[in-house]
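The primary structure of each chain is shown beneath.
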Amino acid sequence: MTHFINGARIKADVQKKLELIKTQFRAELSLKKIVVFQFELPKSPSLKNLSDYQAANTSTNQKQKIFKDFLGCEFDRIDLPWDMTFDEFANLMTEVDKIDTVCGIIIQNPIPTELSDKNNNREIVELIAPNKDIDAMSKAGQARWGRCATADAICRVLEAGLKSDSEVVLIGFSGFVGKGVNGYLDNRKKELNLKITEIDERSPKTTANIIELNPNIIVSATGKLEILNTDNLQDIQPELGIDCGFVITDRLDNRGKNIILGDIQKEARDRFDFITPVPGGIGPMEMAVLAERFIIKEFPELQLKPWQLTKLNELSSEDLRTGNYLTSDSLTSQVQNLELSFPTQVLIESSLTQTQLQVSQKPKSLADLNEPEVEAASSRPTEGLLYELANDPDATRLKIEPDDPDDLSQEDGLSI
Ligand SMILES: NC(=O)C1=CN([C@@H]2O[C@H](COP(=O)(O)OP(=O)(O)OC[C@H]3O[C@@H](n4cnc5c(N)ncnc54)[C@H](OP(=O)(O)O)[C@@H]3O)[C@@H](O)[C@H]2O)C=CC1
Ligand SMILES: Nc1nc(=O)c2c([nH]1)NC[C@@H]1CN(c3ccc(C(=O)N[C@@H](CCC(=O)O)C(=O)O)cc3)C=[N+]21
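Residues numbered from 1 in each chain as written. Chains lettered and ligands numbered in written order. Predicted model: local features only at pLDDT ≥ 70, side-chain atom pairs only at ≥ 80, totals over all residues. Heavy atoms only, no water.

Chemist: Could you clarify how one ought to interpret the packing of aromatic side chains in this entry?
Modeler: Within this structure, the stated rule accounts for six aromatic pairs. The interplanar angle of 50° and the centroid separation of 4.4 Å between the aromatic rings of Phe 25 and Phe 299 together place this pair among those described as tilted. Note that Phe 25 is positioned in the loop between α1 (7-24) and α2 (26-29) and Phe 299 in the loop between α10 (282-298) and α11 (317-322), a separation of 274 residues in sequence. For Phe 25, a relative accessible area of 3% corresponds to the buried category. The exposure class of Phe 299 is buried, given its relative accessible area of 1%. Arranged with centres 6.4 Å apart and planes meeting at 85°, the rings of Phe 274 and Tyr 325 form a pair that is edge-to-face. Of this pair, Phe 274 sits in strand β13 (residues 274-276) while Tyr 325 is found in the loop between α11 and α12 (328-331), placing the two residues 51 residues apart along the sequence. Taken together, the ring pairs connect Phe 37, Phe 39, Trp 82 and Phe 89 into an aromatic cluster. Across from the ring centre of Phe 299, 5.5 Å away, lies the NZ or CZ of Lys 32, which sits over that ring. The ring of Trp 145 has Arg 144 lying over it, and the distance from NZ or CZ to the ring centre is 4.3 Å. (Phe/Tyr/Trp six-rings, centres within 6.5 Å; stacked < 30°, edge-to-face > 60°. Helix = DSSP H or I, 4+ residues; strand = E, 2+ residues; numbered from the N terminus. Buried < 20%, exposed > 50% of the residue type's maximum accessible area, 1.4 Å probe, protein only. Lys NZ or Arg CZ within 6 Å of the ring centre and 35° of its normal.)

Okay, here's the thing in structure tokens:
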């Protein structure tokens, strides 16, 4: 039987955990801004350009949902022309950096090649201020967080599946996501005596070698539709498959929505004991990592611990049935700590002081950067805010609605 590791459920569980923090820091959160840069399509786009653009769009929308709709932060999406020069981008970044409410900056991939020229030290990702680089795109961001948010999500699933002597195949090891996963595996290699095979388009080993490699775990982060399929997997039975590909096809489902597929062909999913499906796997988990990083960075005093997955071979049949993959520690202890260590009154007063001091500049788009609108933060009396919190049904009700409860499409269920 194949078990789906339900990323949408994991994201919803992490949101539940953050609900109390969100309620107690509502005023502060509303004054923090995330900026996402996304490049428009080139003049004559290839099919790959179109597909990458759609994936980036989905991802920007998901980031808006978690930061703006869920956490209540400010969120600016800034669309940029594909033929923008390095200096134009650098000037824009200087302006964005001056806005003191901006605490997270993400540049969506794909980035035009001229703007990621490693050799001449002209990589725009290196212009992201280290303390705002929550997706760890720059070297300094990677030093802080270890790897990009997607690789972090993948590694948390990997950690649940890794055992001594595990044999792992990593496809797409040299890419943005793959190199983060590769670095992690390298760190774990000695202690666990791992055998790691790295595959990309230039490697000596290819997907045609997978059958003879007969790995325990396969991670695929290429974005090449169904690069793993019934042909190159045949009847091998790996314990875990982690699929990070994200391709929006032009085929429509019976609700008229474009069908989204990943690196692993649906028909080949039953080769794996556990698999992260696409959609509904790594994508939502990435959002749970980003939200967590943001809280860790902005509220260090809470000492929020990263969420973790239970070791796959230690999951109870009840956990498997209900899709409860997070460790119980990930779900509860920090919320209790928060209640114990921060009396509500003190917490609200401290957040209010900061609210009153802050003045926010809020450019809504690239155009608005020229005419920043200056706005004084609200200065409500403490009793007012306390009253509001006490009477706000959201403050006591831990209600989470996953973005799309049907995400893990009905046809998939939780296991096959
Ligand atoms: N949260 C999510 O769900 C996320 C999903 N993604 C998706 O993951 C995919 C990869 O993203 P990213 O790392 O940014 O992409 P990159 O282009 O940086 O990396 C792609 C990697 O795949 C390898 N590759 C491409 N084609 C093949 C092939 N035929 N055989 C073997 N290896 C191949 C490339 O190797 P080479 O250099 O040799 O071509 C490279 O190592 C995309 O589909 C993206 O949309 C990305 C981020 C988040
Ligand atoms: N700097 C950078 N970091 C990224 O992490 C990054 C990027 N650039 N460029 C584009 C890719 C793509 N990507 C996705 C993230 C989430 C979903 C996601 O949440 N998908 C939902 C589907 C949502 C829906 O159906 O609309 C799911 O898989 O269930 C998808 C794709 C991040 N990327």
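Chemist: How do you make sense of empty space enclosed by the protein when you look at a structure like this?
Modeler: Any empty space left between atoms is shown by rolling a water-sized probe over those atoms. Going through the model one piece at a time under the given rule, you end up with four cavities of 30 Å³ or more. Quantified by volume, the largest cavity comes out at close to 70 Å³. Lining the largest cavity are Gln 38, Phe 39, Glu 40, Leu 41, Pro 42, Asn 49, Tyr 53, Ala 56, Trp 82, Gln 108, Asn 109 and Pro 110. Elements with a contribution of two residues or more to the lining of the largest cavity: β2 (33-39) and α3 (47-70). Ranked by residue count, the leading element in the lining of the largest cavity is α3, at three residues. Residues that form the lining of the largest cavity fall into these classes: seven nonpolar, four polar and one charged. (1 Å grid on protein atoms, 1.4 Å probe; cavity = no way out; pocket = protein on both sides within 12 Å on 5 of 7 lines; lining within 4 Å. Points joined across faces, edges and corners; volume = space filled by probe spheres on them. Nonpolar A, V, L, I, M, F, W, Y, C, P; charged D, E, K, R; others polar.)

Chemist: Just checking my understanding: could you explain the pairing of strand β8 (residues 195-199) for this structure?
Modeler: Here five bridges tie strand β7 (residues 167-171) to β8, and the two strands are oriented parallel to one another. Looking across to β8, one finds that Glu 167 is bridged to Lys 195. Handedness of the β7-helix α7 (residues 176-192)-β8 crossover: right-handed. (Pairing = 2+ DSSP bridges. Right-handed = clockwise from strand over helix to strand, strands pointing away.)

Chemist: I would appreciate a short explanation of the sheet that holds strand β9 (residues 217-220) in the present structure.
Modeler: Neighbouring strands of a sheet are bound in pairs by backbone hydrogen bonds; such pairs are parallel or else antiparallel. Pairing is parallel across the open sheet formed by six strands, whose spatial order is β1-β13-β10-β9-β7-β8. The open sheet has two edge strands, β1 (3-4) and β8, and neither has a second partner. Contacting β9, β10 (240-243) and β13, helix α6 (residues 149-161) crosses the sheet at an angle of about 180° to β10. Contacts from α7 reach β7, β8 and β9, with the element oriented near 160° to β7. (Contact = heavy atoms within 4.5 Å. Axes fitted to C-alpha atoms, helices over the stretch in contact; angles between N-to-C directions.)

Chemist: Which parts of the structure should I look at to understand the site of ligand 2?
Modeler: Neighbouring residues of ligand 2: 23 residues in total, closest Ile 107, Asn 109, Asp 135, Gly 280 and Glu 286. Note that a nitrogen atom of ligand 2 is positioned 2.7 Å from one of the side-chain N or O atoms of Asp 135. Contact between ligand 2 and Thr 150: an oxygen atom at 3.2 Å from a side-chain N or O atom of the residue. Contact with the protein chains hides 85% of the accessible area of ligand 2, taken as 680 Å² for the molecule alone. Residue assignment for the shell around ligand 2 shows that the elements contributing at least two residues are α3, β4 (102-107) and α10. The biggest single contributor to the shell around ligand 2 is α3, with six residues. Classifying every residue of the shell around ligand 2 by side-chain character gives 11 nonpolar, eight polar and four charged. Structurally, the shell around ligand 2 is a two-domain feature, drawing no fewer than three residues from each of domain 2 (32-145) and domain 3 (149-278). (Near = heavy atom within 4 Å. Polar contact = N/O pair within 3.5 Å; in protein donor to acceptor, adjacent residues only side chain to side chain. Areas by Shrake-Rupley, 256 points an atom, 1.4 Å probe, with all protein chains shown as cover. Domains from an automatic or database assignment.)

Chemist: In this structure, what is going on with the site of ligand 1? I would like to understand it.
Modeler: If you check the shell around ligand 1, you find 19 residues, and the closest are Ser 174, Glu 201, Arg 202, Gly 223 and Glu 286. A distance of 2.9 Å separates an oxygen atom of ligand 1 from a polar backbone atom of Val 177. The fraction of the free accessible surface of ligand 1 (920 Å²) that becomes covered by protein chains is 75%. Those elements giving two or more residues to the shell around ligand 1 turn out to be α7 and α10. Counted by class, the shell around ligand 1 contains seven nonpolar, seven polar and five charged residues.

Chemist: Explain the nonpolar core to me, please; I cannot follow it from the model alone.
Modeler: For soluble globular proteins, nonpolar side chains are generally found buried alongside one another. Counting 88 residues, the largest nonpolar core has Ile 5, Phe 37, Ile 107, Val 181 and Ile 295 as its most contacted members. The biggest single contributor to this core is α10, with 10 residues. The residues contacting Phe 37, other than those within four sequence positions of it, are Ile 78, Leu 80, Phe 89, Leu 92, Met 93, Val 96, Ile 105, Ile 106, Ile 107 and Gln 108. Within the second largest apolar cluster, 14 residues are counted, among which are Phe 4, Leu 228, Ile 264 and Ile 275. (Core = buried A, V, L, I, M, F, W, Y, C linked by side-chain atoms within 4.5 Å.)

Chemist: Is there a simple way to think about α6 in this case?
Modeler: An α-helical turn contains 3.6 residues, so any two residues separated by three or four positions project in the same direction. Compared with an ideal rise of 1.5 Å per residue, which puts 13 residues at 18 Å, α6 spans 19 Å between its outermost C-alpha atoms and is within 8% of the ideal. Counted residue by residue, α6 has 12 buried out of 13 residues, so it is predominantly covered. Among the residues of α6, Ala 149, Thr 150, Ala 151, Asp 152, Ala 153, Ile 154, Cys 155, Arg 156, Val 157, Leu 158, Ala 160 and Gly 161 are the ones counted as buried. Those residues of α6 hidden inside the fold are in contact with α7, β9, β10, β13 and α10. (Expected span 1.5 Å × (residues − 1).)

Chemist: Help me understand the sheet that holds β4, please; the structure alone is not making it clear to me.
Modeler: Pairing within the open sheet is parallel, and its three strands lie in the order β3-β2-β4. On the outer flanks of this sheet lie β3 (74-80) and β4, each paired with one strand and no other. The mean inter-strand angle of the sheet, taken between neighbouring strand axes irrespective of direction, is 20°. Sheet topology note: the β2/β4 ladder contains five bridges and is parallel. The residue of β4 that forms the bridge with Lys 33 is Val 102. The strands touched by α3 within the sheet are β2, β3 and β4, with β3 carrying the most contacts at an inclination of about 160°.

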